[in-house]
Structures are given as C-alpha cells and as structure tokens.
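Geometric and topological summary
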Amino acid sequence: MPQPTQFPQNFLWGSATSSFQIEGATNEDGRGESIWDRFCQRPGAIADNTNGTVACDHYHRYKEDVQMLSTLGLQAYRFSIAWPRIIPSGRGAVNEKGLDFYERLVDELLNAGIAPYATLYHWDLPQILEDNNGWVNRDTAYAFADYAQTVVARLGDRVKSWATLNEPYVSASLGYRTGEHAPGRKSLTDSFAAAHHLLLAHGLTIPIIKELAPQSDAGIVLNFTPCFPEKDTPQDKHANAIQDGWDNRWYVEPIVGMGYPADTVEALGWNQQEILQDDLNTISAPIDFLGVNYYTRSLVTADNRPAAAPLPKTAMDWEIYPQGINETLTRLHNNHNFKQYFITENGAALNDMPDQKDFVDDQNRIDYLHDHIKQVHAAIESGVPVKGYFAWSLFDNFEWAFGYEKRFGIVRVNYETQQRTPKASALWFSQVAKSNQVSRDL
Ligand code: IFM
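Description of the structure in this document. (Residues numbered from 1 in each chain as written. Predicted model: local features only at pLDDT ≥ 70, side-chain atom pairs only at ≥ 80, totals over all residues. Heavy atoms only, no water.)

Moving on: the site of the ligand. Near the ligand the following residues occur: Gln21, His122, Trp123, Asn166, Glu167, Tyr295, Trp318, Glu345, Trp392, Glu399, Trp400 and Phe408. Contact between the ligand and Gln21: an oxygen atom at 2.8 Å from a side-chain N or O atom of the residue. Between the ligand and Trp392, the relevant distance is 3.3 Å, taken from an oxygen atom to a side-chain nitrogen or oxygen of the residue. Considered on its own, the ligand offers 280 Å² of accessible surface; in the complex 95% of this is hidden by protein. Comparing atom positions with the cavity grids shows the ligand to sit within the largest pocket. Along the lines of polarity and charge, the residues of the shell around the ligand split into 6 nonpolar, 3 polar and 3 charged. (Near = heavy atom within 4 Å. Polar contact = N/O pair within 3.5 Å; in protein donor to acceptor, adjacent residues only side chain to side chain. Areas by Shrake-Rupley, 256 points an atom, 1.4 Å probe, with all protein chains shown as cover. 1 Å grid on protein atoms, 1.4 Å probe; cavity = no way out; pocket = protein on both sides within 12 Å on 5 of 7 lines; lining within 4 Å. Sits in = over half its atoms within 2 Å of the grid points. Nonpolar A, V, L, I, M, F, W, Y, C, P; charged D, E, K, R; others polar.)

The structure is reproduced here in structure tokens:
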C-alpha cells in the first residue's frame, strides 16, 4: 500500500459554506431582501423553482452545525456574512440582531476550537442597492466598505481571517453579463463596471480590516479555471488567451498592481471609463493571503462551439482535472508571489445515492478530493506556500441557479427533515484532517 502523503505542520483543514446557500430565515430578525431572494422569484431562473427561504435552516441550527464540524475534527470553518442581515437598507442603519447572529456563530466556533474564516460578500447584495444600479453604481463600493467596517468592528477581535469578496468574477460575469445569476442582467458593459466596482470595494476594505483588526489576515477569494485551446490553431490559441484574461487574470492582476490585462481589455472593447484616478492604487492594497477556488478546467474554441471535453465529469458537467489545482497555484506563485494561499473551495457535485439510513457512500467524491489534495501537496513541495484547504461544501445546499438539485456536500442534508448525515467523504476527510496526511485508503 502506498505511504500516506504528509502535510506540513499546522496545515489547516476546513470546510466552507456561504450565507444564502445554507442559512434560510430570510425574513427573520430584520434581514432585508437580497438580490437572490428577488431573483429566485423570476420564472425559470432557478432550475427546480426553489429559493433560499429555508435552505439548510442553518440560522436556527448553527449550534448543531458547529458540533458537526467539531465531530469531524475540522480545524477551520469558512462562512460568509449576509450584508442584508447587517444593513438591511444597504447603507445606514445597522440591524443589531444580524450582527448578533454572526457573533453567536463565531463564539460557538471558538468555543469548539474551530477557527472562523469569514467572507464579507458571497453574492447576496441588498436588493435595495440593486434597485439603485447594483455593482454598476460606484456608490455600491463605498456602501460595501461601510458595511465591512461595521462587521469588522464587531468581530475583528475574534475572526483572524477576513476575505472581502468571494469570486467577483462570478458576480460580474454571471450576474451582469450572462444573466444566469442574480441580478440577472445581460450586458457586457455593465459587467465591466460591476467588476471594477467589486474590485474597488475590495481595495477600499483591505485598509479598514488592517486598521480595525491588525492581528487578522485580510485577503480575497478568487476562482480560477485554467483554460486550454481545444485545437492547436492560431484561432483557438488567440481565443484562449482572451478567455484566460477574463477568467483568470482580470481580478488578480489589478490586485497585484498590474492593472487590467491589456489584451483582453482590447479584445472585449472596454473603454475603462469607470477607472477613476486613484482606483488602481486603491485596488492594489497589499493583501495577506489569496484564497483560491478551484473546480475544473475549460477548453476554448475560437467559434464558441462547445469543445469536445474528454475527461470524466461531475454532475455539473465539469471536467475532473486535478492537476489544474497545482498548475493554478504554481502559476499564481510564479507570477505574483503572494505571501500565502488557501484553497478556499474545492469539491464536486455528484449524483449521490443515499441508502435507507440516508448514508451516501460517495467513493467518487473521495476520489475527487483525494486527487486534488495530492496536487495541492505537489504545489507545496514545489515551494508554493499553501496554508490550508477547505472542502466545498460542508453541506448539500442551494446551488444557485441549479437550486437543490446539485449536491456538493460532504455531509448530506435531507431537505424534508433537515437531518444531516456525514457521507463517506466526510468520514474520509475527517481522517485527513485529524492525521494531517492524505491517502486514498485512510
Ligand atoms: O456553490 C458555489 C459557491 O457558492 C461558489 N463557488 C463555486 C461553488 C460551486 O458552484
């Protein structure tokens, strides 16, 4: 039997969720409406016509959920804070009950010896701000900084890791360009503005975190999808370079002070009118860590034909390409040399088959996790300072436009009873976390 692969001392093992995907209680304790509440009402927007009103009922079951993390022996929990709970009108009056909820959650985690990793924005913008042009409106960036200040002022003494945004690429591209996500707009021009204002929000917030929580790390979570030309033709290669600019360089390059990728800006025809004098400076505020979300690769064709993707796929139809996580980390580190990296999301939606006791023997998810974690180790061996790995997701949850049909959890959620049942993958991952080593046969 092959020897288990040992991770460095103090490597952090955790799991991740986000507010709208698990909390439910959308009308409780003064929470305001979010763009996802509104979007879910749009006919046809969500594949199974569901919404986040109950989700995993985590708002009421957070103690049980922290207990689950503890039983699994996970050392860290990545979650997000819902802006509409904290400032229901987007700006101005603070809803103390919203802050109290996250304070209870953080204290529960700390009492269980689990490190809270907070993300300030995982896509649930207050609807009232969208009514005022959402992320296309520059003011939203300033409203975000005010909201962030309120949260960090309350929890910054206990939360030692703050991410400003989760996957601004998805907010701008799916929310404003393709319309697949809330707020469901379809305008390339709007998506340029949204992307820029998201980055501005990030840049305005980093110094606020550093000031209010000087002992905490401040960073951002970006998603990366390595892409390859389907064919070795000049046309496919050119299309691939542009897609790489949009998918993989658009956010990280301004953050490290390089500005937006010129080839892609030109190819997509952005006139950059939203960039005001000091913006690029603001956006490149130094960060303490980069959060990397990785799931798959993509193959690019010049004529936008769907590429013939040869690898096995998950239930999302995403190719399983474990070496991409190593390639992504290595590329990032070679090009930008961040101080530390966390894999803030990695996991697979699969067609789970529960038995009569609701147990899912998801050997295929174990394979996915194992193969990716091994590649994270390879990146560490080649010198990339990766400090932790968060499995996406702790629970089956609301998978955005797919509703509850796609299950990413290592813990099964029975939506009728709200019963949580660790899948085989959770039991396996628990052994990884407890032993700090990975092997397929733990
Ligand atoms: O569920 C999402 C998560 O909210 C953000 N990253 C990708 C996951 C899977 O699609």
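Now for the sheet that holds strand 4 (residues 115-121). Taken in spatial order, the 8 strands of this closed barrel run 2-3-4-5-6-8-10-11, and their pairing is parallel. The average undirected angle you get between the axes of adjacent strands in this sheet is 25 degrees. Its contacts with the sheet place helix 9 (residues 188-212) against strand 4, strand 5 (161-166) and strand 6 (217-224), and it is angled at close to 170 degrees to strand 5. Packing against the sheet, helix 16 (residues 424-435) makes contact with strand 2 (12-16) and strand 11 (386-392), and its axis sits at approximately 150 degrees to strand 2. (Pairing = 2+ DSSP bridges. Helix = DSSP H or I, 4+ residues; strand = E, 2+ residues; numbered from the N terminus. Axes fitted to C-alpha atoms, helices over the stretch in contact; angles between N-to-C directions. Contact = heavy atoms within 4.5 Å.)

Another point: helix 8 (residues 168-177). In terms of burial, helix 8 is a largely internal element, 9 of the 10 residues being buried. Among the residues of helix 8, Pro168, Tyr169, Val170, Ser171, Ala172, Ser173, Leu174, Gly175 and Tyr176 are the ones counted as buried. Those residues of helix 8 that are buried lie in contact with strand 4, helix 6 (127-130), strand 5, helix 9, strand 6 and helix 10 (234-249). Gly179 occupies a position one or two residues after helix 8 and carries a positive phi of about 75 degrees. (Buried < 20%, exposed > 50% of the residue type's maximum accessible area, 1.4 Å probe, protein only.)

Where burial is concerned, most of strand 10 (residues 341-345) is hidden: 5 out of the 5 residues are buried. When strand 8 (residues 289-294) meets strand 10, the two strands line up parallel, connected through 4 bridges. By the bridge assignment for strand 10, Val292 is matched with Ile343. Across 3 bridges, the pairing between strand 10 and strand 11 is parallel. By the bridge assignment, Tyr341 is partnered in strand 11 with Val386. Since strand 10 and strand 11 lie parallel, the crossover through helix 15 (residues 363-381) that links them has a hand, and here it is right-handed. (Right-handed = clockwise from strand over helix to strand, strands pointing away.)

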